[in-house]
Amino acid sequence: MKIEAISNRVWSLKTWIIIPVTVWAVADEDGLTLIDAGIPAMAGGILRFVEQSGLQLRRVVLTHGHSDHIGALKRVLAVHRVPVYAHPDEIPYMEGRLPYPRRRKAVPVIAPGDVLPLESEGDRLLPVGGLVPYHTPGHSPGHVAYYEPEAGVLLAGDLFTSKRGTIRRPMAMFTADMAEAVRSSAIVDRLRPARLEVCHGGPVLHPAEQIEAYRQQAWKRIGANA
Ligand SMILES: [Zn+2]
Ligand SMILES: [Zn+2]
């Protein structure tokens, strides 16, 4: 597993299984927040990273509930008994009460009550662990991107993929509603992050400079498929 310090309080932890799989850790005065839990093979590396950081793991927050984002959860929670949060719209799919859009069967990946809803005030998700969560639906109904305002890093999960520093669409096969995912890219215009991080790909610097081109490409492809 490759560990990179993105800023003095944001790290990416990356492994490869055909495609890259990334999780992130963010420190605040209270301890560490883990963003996503990757694939099962990442558990050892995540646990070692937490131990070597000398910080207390406080919570896990999820971008969404797909299996490649929760794989190491069980083993991490066996060592650190911390709460896990996701967007309230995502939890029914994770608990197997609803099939993910475009999937035939509901598949529970967690037990009821294991994942708690991110706190909110009206439509606004409340900051957690020094991160500001934003609902960015499309790839999945309750997809969330997490913004670290100090370094200007947007941890965007599967809202996008990337290739050689260029923003790409999320993987179509696993995306519930591509048009909605493309609309959710407006978060990049709104925040103008210094750096965009995606789960399956490398970093994108100054993503706002290419977001309009990304959308034009994406709409063209959606139009072609309609
Ligand atoms: Zn996904
Ligand atoms: Zn994924």
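Refer to the structure above for everything that follows.
What you see is a predicted model; the values in this text were computed from it and never measured. (Residues numbered from 1 in each chain as written. Chains lettered and ligands numbered in written order. Predicted model: local features only at pLDDT ≥ 70, side-chain atom pairs only at ≥ 80, totals over all residues. Heavy atoms only, no water.)

Asker: Is there a simple way to think about the overall build of the protein in this case?
Answerer: Helix and strand content of the protein: 6 helices and 16 strands. Taken against the 2.2 N^0.38 rule, which gives 17 Å for 226 residues, the C-alpha radius of gyration of the protein at 16 Å falls within 12% of a compact globule. In the protein, buried positions account for 57% of the 226 residues. Contacts in the protein between residues far apart in sequence, at least 24 positions, make up 60% of those at least 6 positions apart. Counting every atom, the protein has about 10,900 Å² of accessible surface; 52% of that belongs to carbon and sulfur. When the 26 positive and 23 negative side-chain charges of the protein are each reduced to one mean point, those points stand 9 Å apart. (Helix = DSSP H or I, 4+ residues; strand = E, 2+ residues; numbered from the N terminus. Rg over C-alpha atoms; globule rule 2.2 N^0.38 Å. Buried < 20%, exposed > 50% of the residue type's maximum accessible area, 1.4 Å probe, protein only. Contact = heavy atoms within 4.5 Å. Areas by Shrake-Rupley, 256 points an atom, 1.4 Å probe, with all protein chains shown as cover. Lys, Arg positive; Asp, Glu negative; His and termini not counted. Charge placed at Lys NZ, Arg CZ, Asp CG, Glu CD.)

Asker: Sorry, what's going on with the coordination of the zinc ion (ligand 1) here?
Answerer: Working reference: metal with six octahedral donors, ideal angles 90 or 180 degrees; metal with four tetrahedral donors, ideal angle 109.5 degrees. All of the protein donors around the zinc ion (ligand 1) are His64 (NE2), His66 (ND1), His139 (NE2) and Asp158 (OD); their distances to the metal are 2.1 to 2.3 Å. Each of the 4 donor atoms around the zinc ion (ligand 1) contributes to a set of angles spanning 91 to 170°, which defines the coordination as irregular. We note that the donor set of the zinc ion (ligand 1) lies within a single chain, spaced as H-x1-H-x72-H-x18-D. Taken as a pair, the zinc ion (ligand 1) and the zinc ion (ligand 2) show a spacing of 3.4 Å, with Asp158 coordinating each metal. One end of the pair, His64, is in the loop between strand E5 (57-61) and helix H2 (73-79); the other, Asp158, is in the loop between strand E12 (153-155) and strand E13 (161-163), and 94 residues separate them in sequence. (Donors = N, O, S within 2.8 Å, 3.2 Å for Na, K, Ca; no water. Tetrahedral: all angles 85-135°; square planar, octahedral: opposite > 155°, others 65-115°.)

Asker: Looking at this structure, I do not really get a positive patch on the surface. What am I missing?
Answerer: Residues Lys163, Arg164, Arg168 and Arg221 make up a contiguous surface patch of positive charge. Following the sequence through the fold, Arg221 ends up in helix H6 (residues 211-225). Look at Arg221 and you get partly exposed, because its relative accessible area is 47%. (Patch = residues over 30% accessible without salt bridge, like charges linked within 9 Å, V, L, I, M, F, W, Y side chains within 5 Å. Salt bridge = Lys/Arg side-chain N within 4 Å of Asp/Glu carboxyl O.)

Asker: Is there a simple way to think about the coordination of the zinc ion (ligand 2) in this case?
Answerer: At the metal site, the zinc ion (ligand 2) is ligated by Asp68 (OD), His69 (NE2), Asp158 (OD) and His200 (NE2), and these contacts range over 2.1 to 2.2 Å. Metal-centred angles of 80 to 165° between the 4 donor atoms at the zinc ion (ligand 2) mark the site as irregular. Here the donor residues of the zinc ion (ligand 2) are spaced in sequence according to D-H-x88-D-x41-H.

Asker: Would you take a moment to explain the side chain of His143 for this structure?
Answerer: By the element assignment, His143 lies in the loop between strand E10 (132-135) and strand E11 (144-148). Of note is the side chain of His143, whose polar atom sits 3.0 Å from the backbone nitrogen of Asp158. A distance of 3.4 Å separates the side chain of His143 from the backbone nitrogen of Leu159, its partner in a polar contact. Beyond its immediate chain neighbours, meaning those up to four positions away, His143 contacts Thr63, His64, Glu90, Tyr134, His135, Thr136, Pro137, Ala156, Gly157, Asp158 and Leu159. (Polar contact = N/O pair within 3.5 Å; in protein donor to acceptor, adjacent residues only side chain to side chain.)

Asker: I would appreciate a short explanation of the environment of Met1 in the present structure.
Answerer: Of note, Met1 is situated in the segment before strand E1 (2-7). Apart from residues lying up to four places away in sequence, Met1 is in contact with Leu13, Lys14, Thr15, Met42, Gly45 and Ile46.

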